[in-house]
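# Coordinate analysis (summary)
Below are the chains, spelled out letter by letter.
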Amino acid sequence: MSRTTRVQIDSLIRQAAAEQRCVVGTTRPVQRGLQYMCRQGLMVNPYINLYCPAEPWQTMNGCERQLYILRALQLTHGWTAAGESAVERMGCRTRALCMKD
């Protein structure tokens, strides 16, 4: 991996961490670099072209992981959360909890 690619990846990791979302592979060299980091055990690949540093990922519960993925997908595709994704975004674990309010 080139130094330029590594610098880009480091910047993307910092930005994604600040926004509490997964890293998105923006270019082919960045994607290859992130895939290499996954093979080294430094990153995980929870969804197509989404990556997260392995250490924080392992400490997250399922809801936090879903939110990281959802935020990255919203960023890349401009999607709006609906249904169960919206419930997760509100911080509820199940629909039943939200309906009690």
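Refer to the structure presented above.
This section reports on the structure supplied with the text. (Residues numbered from 1 in each chain as written. Predicted model: local features only at pLDDT ≥ 70, side-chain atom pairs only at ≥ 80, totals over all residues. Heavy atoms only, no water.)

## Here's the deal with the pairing of strand S2 (residues 43–47)
Here is the rule we go by: In this scheme, strands are said to pair when DSSP sees at least two bridges between them. Only DSSP runs of H or I covering at least 4 residues are called helices, and only runs of E covering at least 2 are called strands; the numbering of each starts at the N terminus.
Examined bridge by bridge, S2 and strand S3 (residues 50–53) share 3 bridges and lie antiparallel to one another. When the bridges of S3 are listed, Val44 appears paired with Cys52. The turn linking S2 back onto S3 is made up of 2 residues, and Asn49 within it adopts a positive phi angle of 60 degrees.

## Considering the pattern of salt bridges
Cut-off, in case you're wondering: A pairing counts as a salt bridge when a side-chain nitrogen of Lys or Arg comes within 4 Å of a carboxyl oxygen of Asp or Glu. Partly exposed describes any residue whose relative accessible area lies between the buried limit of under 20% and the exposed limit of over 50%, with all areas from a 1.4 Å probe on protein chains only and scaled to the type maximum.
Taken as a whole and assessed by the stated rule, the structure comprises 2 salt bridges. In this structure, Arg6 engages Asp10 in a salt bridge whose closest nitrogen and oxygen atoms are separated by 3.1 Å. Taken together, the residues Arg6 and Asp10, both in helix H1 (residues 3–18) and 4 residues apart, mark about one turn of the helix. Given a relative accessible area of 32%, Arg6 falls into the partly exposed group. Among the ionic pairs, Glu19 bridges to Arg21, the shortest N-O distance being 2.6 Å.

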